Amino acid sequence: MFRNKIVVIDLTTGQMKVLRKKNEPEETYIRGIRISATKQYMIVLLKDQYAPLFLLAYCLNSELQFHFRPFQVWELKTGSLLRSVTFHQITALEWCPNAIIVPSPNNATPPSIKEQFVFATPDGALHFYVVENNQISAMQMHIDIGIGMVSSLAWYVVRSELG
């Protein structure tokens, strides 16, 4: 059992802010953190959670889907969890380095910022998601590159490197 906590430290002032603190033990631990380009959002990757064999057999024989490797998307300004996403075996994940600024139609409200991230699954497929106004949605673009498992991803402007 693990007690997971994330602390944000301002290196210029030394001020610390606890962002994610679980008082009760969890069955998994944090295996990675990724911060978006605008520093508005954070993704927390959690370690695999394996189900007991009888539960897995039940899930495979029923209409339920059973996923083992979740990640969480957090909004950093308020420190709030936006969404927990469960997806089977994420092998690599990266934020797009460029945010898209969407102007408001009437200029009465500030423009919204759209950020994107991509993750890979063991079959080599890439899955794209968008975060805008604290809403997370999947893009209708899934690419199966067919090279097998992707363990590392880098995204630069309109180009992505993977291996």
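Residues numbered from 1 in each chain as written. Predicted model: local features only at pLDDT ≥ 70, side-chain atom pairs only at ≥ 80, totals over all residues. Heavy atoms only, no water.

> Describe in detail the overall build of the protein, supporting the description with residues and values.
Looking only at helices and strands, one finds 1 helix and 13 strands in the protein. For the protein, the N- to C-terminal ordering of α and β elements is β-β-β-β-α-β-β-β-β-β-β-β-β-β. Burial statistics for the protein: of 163 residues in total, 34% are counted as buried. Put simply, of all contacts in the protein between residues at least 6 apart along the chain, 44% involve residues at least 24 apart. A total of about 10,300 Å² of accessible surface is found on the protein, and carbon and sulfur atoms cover 55% of it. (Helix = DSSP H or I, 4+ residues; strand = E, 2+ residues; numbered from the N terminus. Buried < 20%, exposed > 50% of the residue type's maximum accessible area, 1.4 Å probe, protein only. Contact = heavy atoms within 4.5 Å. Areas by Shrake-Rupley, 256 points an atom, 1.4 Å probe, with all protein chains shown as cover.)

> Which residues make up a nonpolar patch on the surface, and what are the values?
A surface patch of nonpolar side chains, amounting to about 520 Å² of accessible area, comprises Val7, Ile9, Leu11, Met16 and Val18. Secondary structure elements with two or more residues in the nonpolar patch: β1 (5-9) and β2 (16-21). Judged by relative accessible area, which is 34%, Val7 ranks as partly exposed. (Patch = residues over 30% accessible without salt bridge, like charges linked within 9 Å, V, L, I, M, F, W, Y side chains within 5 Å. Salt bridge = Lys/Arg side-chain N within 4 Å of Asp/Glu carboxyl O.)

> Give a description of the side chain of Ser36 that names residues and reports values.
Along the chain, Ser36 falls in the loop between β3 (30-35) and β4 (41-46). By relative accessible area, which is 3% here, Ser36 ends up buried. Ignoring anything within four residues of it in the chain, the contact list for Ser36 reads Tyr41, Trp95 and Glu115.

> How would you sum up the environment of Met1? Please name residues and give values.
Within the secondary structure, Met1 sits in the segment before β1. With a relative accessible area of 68%, Met1 lands in the exposed category. The sequence separation of Met1 and Glu26 amounts to 25 residues, and the corresponding C-alpha distance is 5.4 Å. Not counting the four nearest positions on each side in its chain, Met1 is found in contact with Pro25, Glu26 and Glu27.

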